[in-house]
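Per-entry structural report
Listed below, chain by chain, are the residues.
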Amino acid sequence: NWGTCAPCHIVRPLRSKHCGYCGRCVEGADHHCPVVNTCVGRANLRVFLAFIVTLFAAQVTYLRLVADFCRAVVQQPGLNGYAALWRTSATHPGVVLQAYIQGISTMANGFLILRAVVCVLANLTTNELLRAPHFGYLVDDKGVFFNPFDRGLLQNLLEFWTHGRESPDWSAVFHQRMHVSA
């Protein structure tokens, strides 16, 4: 994705991508999120990660409250959550349906968090993780995946949480790492 962006008429920096939904180039493009209807990239990735972690905590809390509600409805405190949920479905089917939908949504959000953490620890964007073979800078001269931006787990984590909105010169990092590995 190096080169000039035809729609924007700008030189697109390494690790950037033009978003067809937003109609602009995004520095350090991770993905376009349809839930919040914006691109997630270098400028807002930390905020997005905080958002999905907070959302996950709210979802788990909600499911816990529904389980407590179901136990109270059936008035059997020792009953496990699933059995109480099943017995509550006769009197409160909307609550049960919403709990099932929320359970599926919570699992999906947990997967998003896991994927985001993997990307942070590897210093990759979601776009790079899912489409690595399409990016020449993520393949060594033998055609094998090679991440020139990976500085180790701790350094990647520190870089993610401590760097401001300014972007490192990824071209320089890329060329430096390629010369070191050669």
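**Regarding helix α5 (residues 153–162)**
Buried residues of α5: Asn156, Glu159 and Phe160, and no others. Within α5, the buried residues cover an arc of 100 degrees as seen down the axis, which keeps them to one side. The exposed set on the far side of α5, more than 90 degrees from its buried face, consists of Leu154 and Thr162.

**Re the packing of aromatic side chains**
In this description, an aromatic ring pair is defined by two values, namely the gap between the centres and the angle between the planes. Under the definition given, this model contains four aromatic pairs. Ring geometry for phenylalanine 48 and phenylalanine 51: centres 6.3 Å apart, planes at 45 degrees, overall tilted. Of the two residues, phenylalanine 48 and phenylalanine 51 are both situated in helix α1 (residues 45–74); the distance of three residues between them amounts to about one turn of the helix. For phenylalanine 48, a relative accessible area of 10% gives the class buried. Of the residues examined, phenylalanine 51 reaches a relative accessible area of 36% and is grouped as partly exposed. Ring centres 5.5 Å apart and planes at 35 degrees place the aromatic pair phenylalanine 135 and tyrosine 137 in the tilted group. Accessibility expressed as a relative area gives 5% for tyrosine 137, which makes it buried. Put simply, the rings of Phe135, Tyr137 and Phe149 touch in pairs and so form one group of aromatic residues.

Cut-offs applied
- Residues numbered from 1 in each chain as written.
- Predicted model: local features only at pLDDT ≥ 70, side-chain atom pairs only at ≥ 80, totals over all residues.
- Heavy atoms only, no water.
- Buried < 20%, exposed > 50% of the residue type's maximum accessible area, 1.4 Å probe, protein only.
- Helix = DSSP H or I, 4+ residues; strand = E, 2+ residues; numbered from the N terminus.
- Arc of directions from axis to C-beta.
- Phe/Tyr/Trp six-rings, centres within 6.5 Å; stacked < 30°, edge-to-face > 60°.

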